[in-house]
Each structure stands twice: as C-alpha cells, then as structure tokens.
Amino acid sequence: MLPGALQASPSPADNTVQNPAGAAPGTPKPVGLKPPSEETIFGRDLLRDGFAGTIAFQRASGKGVEITRLSLAGEEISHPGVQCRVDVVADDPIQTRLAGKPNGISRYEVEIAACPFSFDVLEGAVIVTRVPPTCDFPAADCRAVPAGLWGPPGNSFGPDQVKQLERERGHAESSMRTGFHALLAKAGKDKVAIKKMAGEQAGFSSEREVICRNYLGEEVHGFCALRITQARALALQTAFEERTNLQTGSAKTTTKRAVAKQKPVPNLNSDSQQSPQPGSGPH
C-alpha cells in the first residue's frame, strides 16, 4: 500500500447514516483549499514517475505557460521492452493553452502534432493526461508514454522532506474526507447523486495506486500519493461549490416566482369605480 493510502474510503451506507441532510447543527463545508500556482513548476526539471523523460516550463508573455524542454521516454516499437527516448525539439518554446479549471486546478492543452496531451498543474508537479496514453514516433522507432505524474526525481528527497511530506499527507487526507462529507450533505436526499459520489470516492484509492505505483521511491516519500490526494480534495471542493451555486440559483428562481404570485392583481375596473355616481355631479 502506498504511503498516501492511509485507509479505505467510507462506504455509502456509513456516510448516508452519519451525514443525513440537516441532522447535525450547521452544514459541513470544505476547508477552503487554494489551487496550486503555476509558479511552483517553473525553472525545474520534472520527470515522469520521478525518473523517466523530462519536461520543463517557464512563464510565457502575459500569464501563459510555455514548455522549454520536452523529452519523452518509452519502448522501441520494433523491440518492445527496449527503452527509447524522444526529444521534442522546436525552434521556440512549445506553447500551451489554458483550458480552464474543470476540477479546481488549472488545465493546459499542448498541441504537438505527433503527441497532443493536456496537463493539470499540481504543487511542484503536473499530471499529464492523454487518450491513448502512448504516442508513436515511427521515425525514432519509439512508442513514448507522456501520461502520468511528472515531478521531482524520486531519489531527491532528504529525511526532513520525507517527514514534511508525511505531515502534509495527513492534512490532505483530512481535507479530502471533510470535502467528501460536505458534498454528501449538500446532495441532501438525492440518492442517485449520493450513490455516484460514494462510488467515485470508493474507487479513488485504487486509482491513486495505479497512478503512483511506479513513482521512484514512492514507498519511502509518498510524494505522488500526496499530490494526487490534494488534487482529489480540490475536486471535491469544486463539486461542492458548483452544487451550492446550482442550488442557490434554483432557490432564487423559486423565490422570484413566489414573489410574482404574491403581487396584487391590477383592478381593471378602478376607473369606473372612481367615476362620479349619477346625480352627484355639480348642479
């Protein structure tokens, strides 16, 4: 088990019993996490799984992000199992495009003809996503693998850093649980939503294990598990905020409709009622 996988996620039944809507005084809320800054990835070499390939970033003109170095590791197409490496060379830094914050974290898209991918910015790391996860470079006889967590070399963490990461993992796990409970409470009696949330949370530990199992020295420092857990906590917080905004919008619409119904109906006969009665006019 990875260092970040401290315990199994609570079952749907446990959470629906412990967190019924309105059961406890006050509504549970996430702890108020802030998304990682792009500044944490500038000026350093990040390696996939802490040992393979290299990616480096810098601030572009304005507030953009550029890739200044990209080297992808993989296996030879003609000889699977034999390692290879492809250096993506460009005359200028490779541009990226901000694609929003779908899970509370900045996401950028990279349009490389042979290997387009996207990455989410974590603290001092990025997680690259691509479907399929590999890219073929026939001229180099290399099937590269960009997908995965890119971070510091796995053998670069000293004893003090390992202790600090361990403390941070405890905070991250706590923030994730708090965010999950808050999201469940916000769902109220929506059984379909609750089932979906519980299923996603139950599967998180195994997903984290798959992402982090090959990170160099992960069993010692747990860096990958920490960053993935922090990302999960932010995703839960974002889902909570989105559901809150949706409910608030619906409540405002309902209120406006109720107010409209309460407005007095105009008296269409007011003019005739105010007309002088026969015989009451001046003589």
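Counting starts from 1 at the beginning of each chain's written sequence and moves along it residue by residue. Only residues with pLDDT of 70 or above have their local features reported here, since the model is predicted, and side-chain atom pairs are shown and tallied only from 80 upward, although totals for entire chains, interfaces and linings are computed over all residues. As a convention, hydrogens and water are excluded, and side-chain values are obtained from all of the structure's heavy atoms.

Colleague: I'd like a description of the environment of His 171, backed by residues and values.
Modeller: Its location among the elements puts His 171 in helix H2 (residues 159-187). The exposed category is assigned to His 171, whose relative accessible area is 57%. Only DSSP runs of H or I reaching four residues or more are called helices, and only runs of E reaching two or more are called strands; each is numbered from the N terminus. Buried residues are those whose accessible area, probed at 1.4 Å on protein chains only, stays under 20% of the maximum for their type, while exposed residues exceed 50% and partly exposed ones sit between those limits.

Colleague: Outline the pairing of strand S2 (residues 52-59), supporting the account with residue identities and numerical values.
Modeller: Counted residue by residue, S2 has six buried out of eight residues, so it is predominantly covered. By the convention used here, strands pair only if DSSP detects at least 2 bridges between them. Examined bridge by bridge, strand S1 (residues 46-48) and S2 share two bridges and lie antiparallel to one another. Bridge assignment links Arg 48 to a residue of S2, and that residue is Ala 52. Where S2 folds back onto strand S3 (residues 65-76) in an antiparallel hairpin, the turn is made up of five residues, including Gly 62, whose phi is positive at roughly 80 degrees.

Colleague: Tell me about the state of the cysteines, residues and numbers included.
Modeller: For the purposes of this analysis, a disulfide is any pair of cysteine sulfur atoms at a distance within 2.5 Å. One pass over the structure, following the stated rule, counts three disulfides. Each sulfur of the disulfide joining Cys 115 and Cys 135 lies 1.8 Å from the other. When the S-S torsion is 60 degrees, as for the bridge of Cys 115 with Cys 135, the disulfide is right-handed. Of this pair, Cys 115 sits in the loop between strand S7 (107-110) and strand S8 (117-122) while Cys 135 sits in strand S10 (residues 135-137), and the two are 20 residues apart along the sequence. Cysteine pairing for the chain (bonded cysteines numbered in sequence order): 1-4, 2-3, 5-6.

Colleague: Lay out the packing of aromatic side chains in plain terms, naming residues and giving numbers.
Modeller: Two aromatic rings, taken as a pair, are described by how far apart their centres are and by the angle between their planes. Here the aromatic set is Phe, Tyr and Trp, taking the six-membered ring for Trp, and pairing holds for ring centres within 6.5 Å; pairs whose planes are under 30 degrees apart are stacked, those over 60 apart are edge-to-face, and all others are tilted. For the coordinates displayed, the defined rule picks out four aromatic pairs. Ring geometry for Phe 57 against Phe 119: centres 5.0 Å apart, planes inclined by 45 degrees, an arrangement best described as tilted. Placement of Phe 57 in strand S2 and of Phe 119 in strand S8 is noted, with a sequence separation of 62 residues between them. Here Phe 57 matches Phe 119 in class, with each residue buried. Ring centres of Tyr 215 and Phe 223 lie 6.0 Å apart, and the angle between their planes is 40 degrees; on these two criteria the pair is classed as tilted. The class for Tyr 215 is buried, based on a relative accessible area of 2%.

Colleague: Quick rundown of the nonpolar core? Include the residues and the values.
Modeller: Counting 30 residues, the largest nonpolar core has Leu 122, Leu 149, Met 197, Phe 223, Cys 224 and Ile 228 as its most contacted members. Elements represented by at least two residues in this core include exactly strand S9 (125-129), H2, helix H3 (191-212) and helix H5 (223-262). By definition in these notes, contact holds between two residues if any of their heavy atoms fall within 4.5 Å. If we ignore the near neighbours within four places in the chain, the residues touching Leu 122 are Pro 36, Thr 40, Ile 41, Ile 105, Ile 127, Leu 149, Arg 227 and Ala 231. Throughout this description, the term nonpolar core refers to a set of buried Ala, Val, Leu, Ile, Met, Phe, Trp, Tyr and Cys residues connected via side-chain atoms within 4.5 Å. One finds Ile 67, Val 86, Phe 117 and Ala 144 within the second-largest nonpolar core, a separate group that totals 27 residues.

Colleague: How would you explain the pattern of salt bridges if you had to name every residue and give the values?
Modeller: Note on definitions: salt bridges are taken to be side-chain nitrogens of Lys or Arg within 4 Å of carboxyl oxygens of Asp or Glu. Scanning all chains against the criterion turns up nine salt bridges. The partner of Arg 143 in a salt bridge is Asp 136, and the shortest N-O contact between them spans 2.6 Å. Its relative accessible area of 36% is what places Arg 143 among the partly exposed residues. Overall, Asp 136 belongs to the partly exposed group, its relative accessible area being 35%. Among the ionic pairs, Glu 168 bridges to Arg 227, the shortest N-O distance being 3.8 Å. Within this pair, whereas Glu 168 is found in helix H2, its partner Arg 227 is found in helix H5, the two being separated by 59 residues in sequence.

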